[in-house]
Structure formats: structure tokens, C-alpha cells
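A look at the structure
What follows is each chain in one-letter form.
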Amino acid sequence: MKKRKATLLSMAVMICISVTGCSTANTVNHNLSKEANEFNVYRKITVTNARTDTVMLEAEGYMSISNSSSSELVVTIKTGEDDYYKDYIYLNEWTCYVVEQLEPTSTDKYHYELTIYPERVIPSVTIETE
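Let me sum up the structure you'll find in this document. (Residues numbered from 1 in each chain as written. Predicted model: local features only at pLDDT ≥ 70, side-chain atom pairs only at ≥ 80, totals over all residues. Heavy atoms only, no water.)

Observations regarding the overall build of the chain
Looking only at helices and strands, the chain features two helices and six strands. Shown N-terminal to C-terminal, the secondary structure of the chain runs as helices and strands in the order α-β-β-β-β-β-β-α. Counting the 130 residues in the chain, one finds 23% classified as buried. Put simply, of all contacts in the chain between residues at least 6 apart along the chain, 51% involve residues at least 24 apart. Of the roughly 9900 Å² that the chain leaves accessible, carbon and sulfur atoms contribute 55%. (Helix = DSSP H or I, 4+ residues; strand = E, 2+ residues; numbered from the N terminus. Buried < 20%, exposed > 50% of the residue type's maximum accessible area, 1.4 Å probe, protein only. Contact = heavy atoms within 4.5 Å. Areas by Shrake-Rupley, 256 points an atom, 1.4 Å probe, with all protein chains shown as cover.)

This is how it looks when you write it as C-alpha cells:
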């Protein structure tokens, strides 16, 4: 009987520890997402063509992201005290994106940087004439 109680007690302790671990991770995840949606997290988004392995676009700044119902990544960027921009990045079967949380820098709080690689977006075309 004592062994059974000890086993049940140890199982209960293990369950409490595992639930607490998940709870902490969930709380941290929730808090970081909330801070990012309030433009307090400096992020970098990189959009890549998975078929050709080329980076198509990069964006950095204090931004909130979401997905629309029409396969678009919606990026809302804070660029001033009360100034915001909204960009849409179309996603398809060959594009993917990564969002990184970067440490805040000593630059302007409303810094925003968008880099488009046109040579990767617009294909090189050769026209032959007779």
C-alpha cells in the first residue's frame, strides 16, 4: 500500500512539473506576441523562394504580423509616434517566410527598413531579333 501511495505521489509531482513547464512557455509566448502586436519588439522578416533558394524580400522594424484569408502575410509597421504602414506579402506554394526577433538597437525607435531584390523577383529575359 505504501509503494502504491509513493508511486501515485511521484506521478502527481511529475504531472505538476510538466504542466508548470508548459504553462511557463505558453505565458512567455503569449507575452512576446502581445508585445510584438503593440510594436515593442524589433523584428526582421525574410521571404524566400523555396524553389530557387533565393531571398526575395527582407523587412526590419517594429511590426505586427498576421495572415489574411487570401494567402497574404499582413505586415503592419510603426514608423512614427502615430504613423503606421501596412504591407501585404503574397504567399504561395513556393514562398516561405521567417520572422526573427532582433535585439533593439540604439537607432531611431521608428526605424523601418525594406529590401526588395528585383533581380530575384523579375526574371532575366533575352529577346532575339533577326
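On we go from here.
Regarding the pattern of salt bridges
All told, the structure shown has one salt bridge when counted by the stated rule. The salt bridge partner of Glu 58 is Lys 44, with a shortest N-O separation of 3.8 Å. Note that Glu 58 is positioned in strand E2 (residues 54-67) and Lys 44 in strand E1 (residues 42-49), a separation of 14 residues in sequence. (Salt bridge = Lys/Arg side-chain N within 4 Å of Asp/Glu carboxyl O.)

Here we look at the environment of Val 99
With respect to the helices and strands, the residue Val 99 is situated in strand E5 (residues 95-102). If we skip the residues at most four places from it in the chain, Val 99 touches Arg 43, Lys 44, Ile 45 and Ile 65.

Some words on the side chain of Lys 78
Following the sequence through the fold, Lys 78 ends up in strand E3 (residues 72-80). Sequence-distant contacts of Lys 78, that is, excluding residues within four places in its chain, are made with Phe 39, Tyr 62, Asp 83, Tyr 84 and Tyr 110.

Considerations on the packing of aromatic side chains
The full count for this structure, using the stated rule, is two aromatic pairs. Pairing Phe 39 with Tyr 84 gives two aromatic rings, centres 5.2 Å apart and planes at 50°, and the pair type is tilted. Separated by 45 residues along the polypeptide, Phe 39 in the loop between helix H1 (2-37) and E1 and Tyr 84 in strand E4 (residues 83-90) bring together distant segments of the chain. Assessed through its relative accessible area of 41%, Tyr 84 is described here as partly exposed. Taken together, a centroid distance of 5.2 Å and an interplanar angle of 70° make the contact between Tyr 42 and Tyr 62 edge-to-face. On the criterion of sequence distance, the pair formed by Tyr 42 in strand E1 and Tyr 62 in strand E2 is long-range, its members being 20 residues apart. (Phe/Tyr/Trp six-rings, centres within 6.5 Å; stacked < 30°, edge-to-face > 60°.)

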